[in-house]
Protein chains: 2
Amino acid sequence: MKSNAIPDIIISRLPLYLRSLQRMQEENRKVTSSQELGERLGISAAQIRKDLSQFGEFGKQGTGYKIDYLIEQLSKILQVDQEWDIVVVGAGDIGNAVARYRGFRNRGFKVKMIFDNDQSRVGTEIDAYIVKDSKNLISYIVDNNIKIAMIAVPASHAQEVANQLVEAGIKAILNYAPINITVPDGVFVQYIDPSIHLQRMTYYLD
Amino acid sequence: MKSNAIPDIIISRLPLYLRSLQRMQEENRKVTSSQELGERLGISAAQIRKDLSQFGEFGKQGTGYKIDYLIEQLSKILQVDQEWDIVVVGAGDIGNAVARYRGFRNRGFKVKMIFDNDQSRVGTEIDAYIVKDSKNLISYIVDNNIKIAMIAVPASHAQEVANQLVEAGIKAILNYAPINITVPDGVFVQYIDPSIHLQRMTYYLD
């Protein structure tokens, strides 16, 4: 992990800023302000200025931020000014949707290969991919020096897959299986579980 | 929104506790401790005890928590001791995966219907669903008194769909479109965007 002490909560907001800026860029906008960004994101302008000031001086009071420049800088900070290859493990409905997903374009990611241990899925086509046998997962990751993986297998297999990924040298895992997984220090995990998000909201419903 | 002042950060952890407890229940476990929960979740035992103490006395020092009872109580608190119907808007890859997803079972949710405005999708079958025309979205939500929706349409249409959902009385939206949406006070939004999660991790990679 980086040794500078920028809190993770700040890091967690940078991708949101980047996404909003890229949306503005698609709208052919050239300049924005912390006020406008804040309104789009539901974050205060002061918070945005404070977050960005951790990384340098990206705009001038009164003139706002140049969108292209701020995108370039945030992409560098988040290290998505390069394209990261990703392996997907699990070729079920979620693995399918992820492999076909167009939203990784221009965000710094590319699904490189999809694996499954079910022989009825191995060899089938998903978009431009041909599903590979999970028995080749570790060697594929090692040979291609891949650092990021997505787990889209049933909860009961998620830890076992995570162990293989870690053994192969994966450093960042996006886990779609609805279960917590344990990984060594230096490996990062993020979770996508729609029920968790929904339950956060039902608490507040009348 | 509820008027009691329990911080949202605490609420956000309750679904994680509930999920871990349900996993233990599936393993036929009867009792757990804040230590064990903490190890599974990467959260300190003290934090878990403090969070739970906001809602009552669920366990005794030394004897731990009864899993069935704590599940029942957390389910009540999060209001998932009932089953919430959900409408899905967008029958593309993500809408498909969500409609077929088995992970909502026992978590308090049921996909009730899926909508699309693409006439080539309307009438097609997804699992047990027949895709309905989005022109009937508002009346369907009103007639069935549905409070929760998922947006799985392209980013360019997400705000328009959100406006329709709000008009129809939806109070909680899970947005899979990679864009921020604006909703009135009293409507809750959560986001699922895998690129955002990935970018949170690439910052830390060597």
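That block above? That's the structure.
The written sequence of each chain sets the order in which its residues are numbered from 1. Key to labels: chains lettered from A, ligands numbered from 1, both in the order written. Confidence filtering applies because this is a predicted model: local features only for residues at pLDDT of at least 70, side-chain atom pairs given and counted only at 80 or more, and all residues used for totals across whole chains, interfaces and linings. For the side-chain quantities, the full set of heavy atoms in the structure was used; hydrogens and water were omitted.

**Description of the relation of the copies chain A and chain B**
- Residues reaching a pLDDT of at least 70 in both copies supply the C-alpha atoms on which the copies are superposed by least squares. Between chain A and chain B, which share one sequence, the superposing operator has a rotation angle of 180° and an axial displacement of 0.0 Å; the RMSD is 0.0 Å. These values place the two chain copies in the arrangement generated by a two-fold rotation axis.
- When the interface residues of chain A are mapped onto chain B, 100% of them again fall at the interface, so both copies present the same face. Here a residue-residue contact requires only that any non-hydrogen atoms of the pair lie within 4.5 Å.

**A closer look at the pattern of salt bridges**
- One side-chain nitrogen of Lys or Arg within 4 Å of one carboxyl oxygen of Asp or Glu is enough to make a salt bridge. On inspection of all chains with the given rule, the structure shows 20 salt bridges over all chains.
- Here Arg200(B) makes a salt bridge to Asp8(A), at a shortest N to O gap of 2.6 Å. One end of the pair, Arg200(B), is in helix H8 (residues 194–202); the other, Asp8(A), is in helix H1 (residues 8–26), on a second chain.
- For Arg200(B), a relative accessible area of 22% puts it in the partly exposed group.
- Each residue is assigned to one of three classes by its accessible area relative to the maximum for its type, calculated with a 1.4 Å probe on protein chains only: buried under 20%, partly exposed between the two thresholds, exposed over 50%. Using a relative accessible area of 33% as the deciding quantity, one classes Asp8(A) as partly exposed.
- One continuous salt-bridge network, built from bridges that share partners, spans Arg19(A), Arg107(A) and Asp193(B). Each helix is a run of H or I in the DSSP string that is no shorter than four residues. Each strand is a run of E no shorter than two, and both are numbered from the N terminus.

**Concerning the packing of aromatic side chains**
- Pairing of aromatic side chains here covers Phe, Tyr and the six-membered ring of Trp, requires ring centres within 6.5 Å, and sorts the geometry by plane angle: under 30 degrees stacked, over 60 edge-to-face, intermediate tilted. All chains considered together, the criterion is met by 8 aromatic pairs over all chains.
- Geometrically, the ring pair formed by Phe115(A) and Tyr140(A) is edge-to-face, given 5.4 Å between the ring centres and 65° between the ring planes. With a gap of 25 residues between them, Phe115(A) in strand E5 (residues 109–116) and Tyr140(A) in helix H6 (residues 137–144) connect regions that are remote in the sequence.
- In this structure Tyr140(A) comes out as buried when scored by relative accessible area, which is 13%.
- An aromatic cluster is defined as three or more aromatic residues linked by ring pairs; in this entry it consists of Phe188(A), Tyr203(B) and Tyr204(B).
- Comment: the charge-over-ring label is applied if NZ (Lys) or CZ (Arg) is within 6 Å of the ring centre and within 35 degrees of the ring normal. Arg19(A) extends its terminal NZ or CZ atom over the ring of Tyr191(B), reaching a point 5.8 Å from the ring centre.

**Focus on helix H8 (residues 194–202) of chain A**
- Of all 9 residues in H8(A), 8 are buried, a share of seventy percent or more.
- Buried within H8(A) are the following residues: Pro194(A), Ser195(A), Ile196(A), His197(A), Leu198(A), Gln199(A), Met201(A) and Thr202(A).
- Buried residues along H8(A) sit against helix H1 (8–26), strand E4 (84–89), strand E5 (109–116), strand E9 (148–151), strand E10 (172–175) and strand E11 (188–191) of chain B.
- Side-chain atoms alone can form a polar contact between residues adjacent in sequence; in general such a contact is a pair of N or O atoms within 3.5 Å, and within protein one must be able to donate a hydrogen while the other accepts it. Residue Asp193(A) occupies the N-cap position of H8(A), its side-chain oxygen lying 3.1 Å from the main-chain nitrogen of Ser195(A).

Remember that the coordinates give geometry; whether it matters functionally is a separate question.
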